[in-house]
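# Inside the fold
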Amino acid sequence: MARIVGIDLGTTNSLVAYMKDGKPCVIPGRTGRAMVPSVVAMTDNGLIVGDPAKEHLTRSPERTVYSVKRFMGKGLADVQGELAYFPYSLTEQGGVIRIKLGEKTYSPPQISAMILKELKQRAEAHLGESITKTVITVPAYFNDSQRQATKDAGMIAGLEVLRIINEPTAASLAYGLQEKTQGTIAVYDLGGGTFDISILKLKNGIFEVLATNGDTHLGGDDLDRQVADLFLSEIRSSHGIDLSTYPDHMQAVRLEAEQAKIRLSDELKTQVTVELPDSRGRFTRELTRDQLESLTTNIIERTLAPCRLALKDAGLTPGDIDEIVLVGGSTRMPLVRQRVRELFGKTPHCELNPDEVVALGAAVQADILSGGTTDMLLLDVTPLSLGIETMGGVMSSLIRRNTTIPASAKEMFTTYVDGQTGVDIHILQGERELAKDNRSLARFRLKVPPLPAGVPRIEVTFLIDANGILNVKASDMRTGQTQSIEVKPSYGLSDTEVERMIEDSFKFAAEDVNARKLIEARLDAGALITTTEKSLGEGVHLIAQEDVTGIRAALSALAAAKDGNDPRAIRARMADLEQAAKGLTVALLDDSLKRGLQGKKVSEVT
Amino acid sequence: MDHHHTHSTTPRELQMARSMCWHCQSEIAGEYFCDRCVKVQPVSKETDYFTCFGFPRRLTIDTGQLEAKFYELSRAFHPDFYQNKSETEQAISLGNAATLNTAYRTLRDPIQRAEYLLDLEAGAVKEIRTSPPADLFEEILELQDTLDEYRSADRASDTGRQLRAKLQAEQTTLEQRKRDMETRLQQLFSEWDALQERGEATSQARTERDRLLKQMREIISNRTYVKNIVNDLVATIG
């Protein structure tokens with residue numbers, strides 16, 4: 001079977017990992033860094049992703065998308081409260097958010113697909129083979145629409161998503177593999193945009209999730225926002241500047257707030273500097289860990305209620321938890337660790353890198369699916385109750401939250417008017433009594449043969465698969481015939497739309513490849529210029545003056561090409577430079593050999 | 001729109017028992033894999049949850065054994081292990097795993113287990129009682145009044161505090177009643193199991209069987225009612 005990789009598609013950073021000799025490991029990029037910032041920028045030369053895109057956050061904020069995961073499976077109304085924080089403009093079409101970048105609009109799965117493609121290419125370059133199959137992680141508390149959107153992103157990126165697994169359970173797989181742990185563990189996962197708590201029982205290689213809870217809108221982003229809001233109001237009062245009209249400076253403040261927060265995990269105080277627009281100087285202040293903690297304590301407190309609910313659903317008390325595992329970059333904050341320790345009365349584990357552990361777990365799950373690992377099995381649950389709207393707008397629950405998946409429920413439908421030919425069904429997810437307070441997943445119309453009222457008997461099977469995604473099937477109990485159901489998702493892309501996006505992604509691929517080639521060529525050119533200049537400094541006395549002139553000319557030609565937009569021109573000038581510097585390289589090598597031999601006896605050399 | 005709940009394995013929905021392998025058409029001895037071609041077989045709709053786990057229809061179950069069997073069958077059926085198999089096998093694995101999960105959830109909880117067994121033996125337990133059980137009638141009516149008073153009272157006032165104390169006392173009493181019912185159910189479960197062990201086919205045994213089923217049904221129904229009242233209470237007084 002073809003290799004399956006594991007992908008952690010995060011709010012802030014994404015990673016790809018694979019199983020190597022029975023051990024999961026993350027795949028680094030060209031620069032050696034494993035994390036790809038989940039940022040996509042539209043430049044004049046096409047779309048770019050990751051570290052180079054991150055530079056555009058302050059340069060062209062209105063064309064640089066970050067934290068797109070917060071929009072997956074959502075409509076515009078869901079994110080109304082935070083629209084002001086995002087510098088790019090959002091619209092809605094068919095219940096799905098669209099992000100405007102230049103002239104085009106993109107759905108969140110399309111943006112996520114660009115990040116996935118970057119990871120795919122990274123894995124292909126590292127492993128030297130084509131990668132088409134993957135396991136992708138999602139927050140445990142993601143609903144059906146958010147999971148489906150993630151799957152769509154995979155398809156658009158040209159990846160077959162064999163399994164969607166929950167981030168905290170993925171982390172437990174990575175831990176379980178390493179520690180051979182038995183007992184009851186709690187995984188506390190505070191990421192860039194989401195919070196999950198999962199309680200699992202580990203026994204003889206079975207990872208049974210007992211309960212899960214969380215908040216898909218609570219994470220490091222929200223902590224940064226508290227800090228950034230403080231800076232913004234101080235800048236307003238001290239300098240009289242409202243930065244909200246300067247998207248680039250808003251981004252700079254956000255990034256500085258994030259960096260200060262990160263530094264304060266190791267230090268007790270830190271210096272903050274923000275350049276102000278229109279040469280108005282700079283804003284500086286000292287931020288202490290105490291100040292950060294009082295700014296963020298309310299948000300961190302919000303993670304504790306889901307923890308208590310999960311314990312209650314699992315029928316456990318904090319004392320029953322044998323071990324606590326911390327996942328997600330935000331768990332590096334000392335206050336988070338302290339609150340978790342206080343709640344469970346135990347010191348949490350953090351041996352594995354909290355940024356990488358989810359991707360490592362995804363690689364383990366990928367290995368299980370490909371038949372490599374056979375002694376481990378993950379039994380996960382559905383995080384939210386699934387039901388249908390009944391008369392009076394009440395939700396009737398069919399599959400309760402924290403039910404082990406795959407899970408199915410059957411429901412019999414009939415008519416109450418003679419000759420009625422259809423029954424409308426509205427599928428919901430959530431814990432509230434009234435249909436309108438829960439998440440609308442989809443609607444469909446059940447076809448019924450025209451018969452006297454109450455005679456038709458249509459059995460509908462609602463099945464939540466191992467990905468936590470709903471499948472619906474209907475069969476006529478009188479004839480035994482099954483009918484295909486066309487489900488219209490409330491907050492998702494239709495199949496046709498996904499297909500069109502896959503086509504588009506091929507169409508724009510050439511454009512994107514060019515942007516990518518340009519970035520790589522520029523990086524390589526920069527490296528070549530630096531090393532050549534260094535060599536020239538060391539060996540200028542070893543070569544003829546005309547060679548020195550030749551190298552200097554080739555250097556400036558390359559520097560000029562590097563500022564241009566043609567990767568092929570850059571590569572050509574690089575070759576020129578290498579050719580011009582050939583003599584220098586040889587001379588330097590000879591020189592170092594000679595010096596190495598000095599002071600050594602002949603017998604030592606031969 | 002009209003719809004009503006039905007359990008997936010009520011005797012009314014029985015289909016033909018499976019007896020042939022879907023793949024090689026050889027006869028199946030009763031386990032989940034064909035002896036000849038080793039293909040996974042769908043768990044028949046006819047198989048009740050007890051049989052699915054290889055347990056007799058008893059109300060006392062060793063939960064350790066149940067869990068061990070659940071893990072064993074999960075390893076046999078889970079879709080994770082069918083990724084390289086045919087589409088048919090993947091579909092069977094998915095269906096079997098879903099059935100297994102439902103079966104485990106039902107049998108793990110003593111009350112759900114009893115409700116399921118009652119359903120198998122004598123048809124579904126009436127889902128929700130609409131009127132209080134006779135012996136609780138007066139008590140429940142009074143409680144409802146107190147709850148209404150409390151909801152409209154100023155909670156910080158003396159009256160509010162008194163009502164709250166009264167409700168808390170009521171909660172303790174009702175929780176004790178619920179526990180008493182559960183103890184009584186346990187006794188009936190043991191009696192049921194003992195009767196099944198003896199396996200007598202006399203008319204006396206049949207009368208005993210019907211009496212036990214009737215009593216269990218009555219208590220389970222009352223217990224659900226009390227449980228809902230307690231939940232309501234807890235939700236109101238916090």
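Residues numbered from 1 in each chain as written. Chains lettered and ligands numbered in written order. Predicted model: local features only at pLDDT ≥ 70, side-chain atom pairs only at ≥ 80, totals over all residues.

### Notes on the overall build of chain B
Definition in use: Secondary structure is summarised from DSSP: a helix means a run of H or I of at least four residues, a strand means a run of E of at least two, and numbering begins at the N terminus for each. Exposure criterion: with C-beta atoms placed from backbone coordinates, a residue whose C-beta has 20 or more other C-beta atoms within 10 Å is buried, one with 12 or fewer is exposed, and one in between is partly exposed. We call two residues in contact when the distance between their C-beta atoms, placed using the backbone, is within 7 Å.
Along chain B, the regular secondary structure elements total 7 helices and 1 strand. Of the regular secondary structure in chain B, the N- to C-terminal order runs β-α-α-α-α-α-α-α. The 238 residues of chain B split such that 18% are buried. Contacts in chain B between residues at least 24 apart in sequence constitute 58% of all its contacts with a sequence separation of at least 6.

### Notes on the overall build of chain A
For chain A, the count of helices and strands is 17 helices and 30 strands. Sorting the 606 residues of chain A into buried and exposed places 47% on the buried side. Considering only residue pairs separated by 6 or more positions, chain A has 68% of its internal contacts joining residues 24 or more positions apart.

### Topic: the packing of helix H6 (residues 158-198) of chain B against helix H7 (residues 203-237) of chain B
Any two packed helices are characterised by the angle at which their axes cross and by the distance between the axes. Residues and elements named next belong to chain B. What counts here: The convention used is that axes are lines fitted to C-alpha atoms, helices contributing only their stretch in contact, and that angles between N-to-C directions extend from 0 to 180 degrees. Roughly parallel means an angle under 35 degrees; roughly antiparallel, over 145; roughly perpendicular, 65 to 115; everything else is oblique. Note on convention: near helix rotated counterclockwise from far helix by under a right angle means a left-handed crossing. Clockwise means right-handed. Just so you know the grouping, Ala, Val, Leu, Ile, Met, Phe, Trp, Tyr, Cys and Pro go in nonpolar, Asp, Glu, Lys and Arg go in charged, and all remaining residues, Gly too, go in polar.
One can describe the packing of H6 onto H7 by two numbers: an axis separation of 9 Å at closest approach and a directional angle of 155 degrees. When the axis of H6 is compared with that of H7, the two are roughly antiparallel. Seen from above, H6 lies across H7 with left-handed handedness. Counted by class, the contact of H6 with H7 contains 16 nonpolar, 4 polar and 12 charged residues.

### Quick word on the nonpolar core
The condition that has to hold: Among buried residues, those of type Ala, Val, Leu, Ile, Met, Phe, Trp, Tyr and Cys that are joined through C-beta atoms within 7 Å form a set called a nonpolar core.
By size, the foremost hydrophobic cluster in this structure holds 169 residues, and its most contacted members are Val-5, Ile-7, Ala-17, Val-40, Ala-359, Ala-362 and Ala-363 of chain A. Leu-232, Val-253, Ala-260 and Leu-292 of chain A belong to the second largest nonpolar core, which has 17 residues in total.

### Remarks on the pairing of strand E8 (residues 89-93) of chain A
All names here are of chain A. Put simply, the rule reads: Note on pairing: DSSP must find at least two bridges between two strands before they are called paired.
Relative to strand E9 (residues 96-101), E8 runs antiparallel, the two sharing 5 bridges. Each bridged residue has a counterpart across the sheet, and for Leu-90 the counterpart in E9 is Ile-99. What sits between the antiparallel neighbours E8 and E9 is a turn of 2 residues, in which Gly-94 has the positive phi angle 55 degrees.

### Examining the sheet that holds E8 of chain A
Residues and elements named next belong to chain A. Here we have 3 strands laid out as an open sheet, ordered E8-E9-E10, and antiparallel in their pairing. Since the sheet does not close on itself, it has two edges, and those belong to E8 and strand E10 (104-106), each with one partner. Each strand axis lies, on average, 40 degrees off the axis of its neighbour in the sheet, ignoring direction.

### Quick look at the packing of helix H14 (residues 545-563) of chain A against helix H15 (residues 567-580) of chain A
Residue and element names in this part refer to chain A. For the pair H14 and H15, interaxial distance at closest approach is 9 Å and the crossing angle is 165 degrees. By the angle between their axes, H14 is roughly antiparallel relative to H15. Here H14 and H15 pass one another in a crossing that is left-handed. The residues of H15 that touch H14, namely those facing Gly-550, Ile-551, Ala-554, Leu-555, Ala-557, Leu-558, Ala-561 and Lys-562, are Ala-569, Ile-570, Arg-573, Met-574, Asp-576, Leu-577 and Ala-580.

### Things to note about the sheet that holds strand E13 (residues 183-190) of chain A
Residue and element names in this part refer to chain A. Pairing within the open sheet is mixed, and its 5 strands lie in the order E18-E13-E14-E15-E19. The open sheet has two edge strands with one neighbour each: strand E18 (323-327) and strand E19 (377-379). This sheet shows a mean twist of 25 degrees between the axes of neighbouring strands, independent of strand direction. Note that strand E15 (residues 206-215) and E19 share 3 bridges and pair parallel. Across the sheet, the residue bridging to Phe-207 is Leu-378, located in E19.

### Quick word on unusual backbone geometry
All names here are of chain A. The residue after Ile-405, namely Pro-406, is reached through a cis peptide bond having omega 0 degrees. Position of Pro-406 relative to the elements: it lies in the loop between strand E23 (403-404) and strand E24 (407-414). One non-glycine residue with positive phi stands out, namely Ser-67, at about 50 degrees. Tracing the sequence through the fold places Ser-67 in the loop between strand E7 (64-66) and E8. The exposure class assigned to Ser-67 is partly exposed, which follows from the 19 C-beta atoms found within 10 Å.

### Focus: the environment of Lys-517 of chain A
Within the secondary structure layout, Lys-517 of chain A lies in helix H13 (residues 509-539). Considered as a pair, Lys-517 of chain A and Met-412 of chain A are 105 residues apart in the sequence and their alpha carbons are 57 Å apart.

### Focus on the confidence of the model for chain B
Definition in use: A score between 0 and 100, pLDDT records how confident the predictor is in each residue.
The pLDDT averaged across chain B works out to 81; a share of 87% of its residues lies at or above 70. In the predicted structure, residues 1-17 of chain B sits below a pLDDT of 50 and forms 24 contacts with residues beyond four places in sequence or in another chain.

### Remarks on the interface of chain B and chain A
Chain B puts 19 residues into the contact, and the matching count from chain A is 26 residues. Counting only elements with at least two residues in the side of chain B that touches chain A, the list comes to strand E1 (2-5), helix H2 (63-77) and helix H3 (87-108) of chain B. Looking at which element gives the most residues to the side of chain B that touches chain A, the answer is H3 of chain B, with 5 residues. Partitioned by chemical class, the residues of the side of chain B that touches chain A number 6 nonpolar, 9 polar and 4 charged.

### Section: H14 of chain A
All names here are of chain A. Note the cut-off: Helix span is expected to be 1.5 Å times the residue number reduced by one. Throughout, the arc means that of the directions going from the helix axis to the C-beta atoms.
Taking 1.5 Å of rise per residue, 19 residues should cover 27 Å, and H14 covers 28 Å from first to last C-alpha, within 8% of that figure. Looking at H14, one finds that the buried residues are Ile-551, Ala-554, Leu-555, Leu-558, Ala-561 and Lys-562. Down the axis of H14, the buried set is contained in an arc of 130 degrees. They therefore lie on one face. For H14, the exposed residues set more than 90 degrees away from the buried face come down to Gln-545, Glu-546, Thr-549, Ala-560 and Asp-563.

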